[in-house]
Amino acid sequence: KAKRKRASAPQLAVLNRVFSQTYFPSTELRIDLGKQLNMSPRTVQIWFQNKRQALRTRGKLSDKCEYFQENDHHHH
């Protein structure tokens, strides 16, 4: 059994592009990305969490971003 697969270069290109636009993709966006990239929305969510954590660790994520919540509270 493979452990966790690394995202491929094309997947990373898309994920990084979206990440440059928003650190907190909506549920719909994660689902769309998952379909587009053949990943689960959960995997997409974890990727974004890890990416934000990496930025925080390097001190690159500005303080104001911390005030956003991971989950949007308005339900559709």
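Residues numbered from 1 in each chain as written. Predicted model: local features only at pLDDT ≥ 70, side-chain atom pairs only at ≥ 80, totals over all residues. Heavy atoms only, no water.

The name an unreviewed UniProt entry assigns to the protein chain is Homeobox domain-containing protein, from the organism Phycomyces blakesleeanus.

Q: If you had to explain helix α3 (residues 41–57) to someone new, which residues and values would you point to?
A: When the terminal C-alpha atoms of α3 are compared, their 24 Å separation across 17 residues agrees well with the 24 Å that a helix rising 1.5 Å per residue should span. Structurally, α3 contributes buried residues whose contacts are with α1 (9–21) and α2 (27–37). The first or second residue beyond α3 is Gly59, which carries a positive phi of 75 degrees. (Helix = DSSP H or I, 4+ residues; strand = E, 2+ residues; numbered from the N terminus. Expected span 1.5 Å × (residues − 1). Contact = heavy atoms within 4.5 Å.)

Q: Tell me about the environment of Asp32, and please be specific about residues and values.
A: Its location among the elements puts Asp32 in helix α2. Linking Asp32 and Val44, residues 12 residues apart in sequence, is a C-alpha distance of 9.9 Å.

Q: Tell me about the nonpolar core, residues and numbers included.
A: Within soluble globular proteins, side chains that are nonpolar tend to cluster in buried spots. Counting residues in hydrophobic clusters, the biggest one holds 11 residues: Val14, Leu15, Val18, Phe19, Leu33, Leu37, Met39, Val44, Trp47, Phe48 and Leu55. Breaking this core down by element, the ones donating at least two residues are α1, α2 and α3. Residues in contact with Leu33, not counting those within four places in the same chain, are Val14, Val18, Val44 and Phe48. (Core = buried A, V, L, I, M, F, W, Y, C linked by side-chain atoms within 4.5 Å. Buried < 20%, exposed > 50% of the residue type's maximum accessible area, 1.4 Å probe, protein only.)

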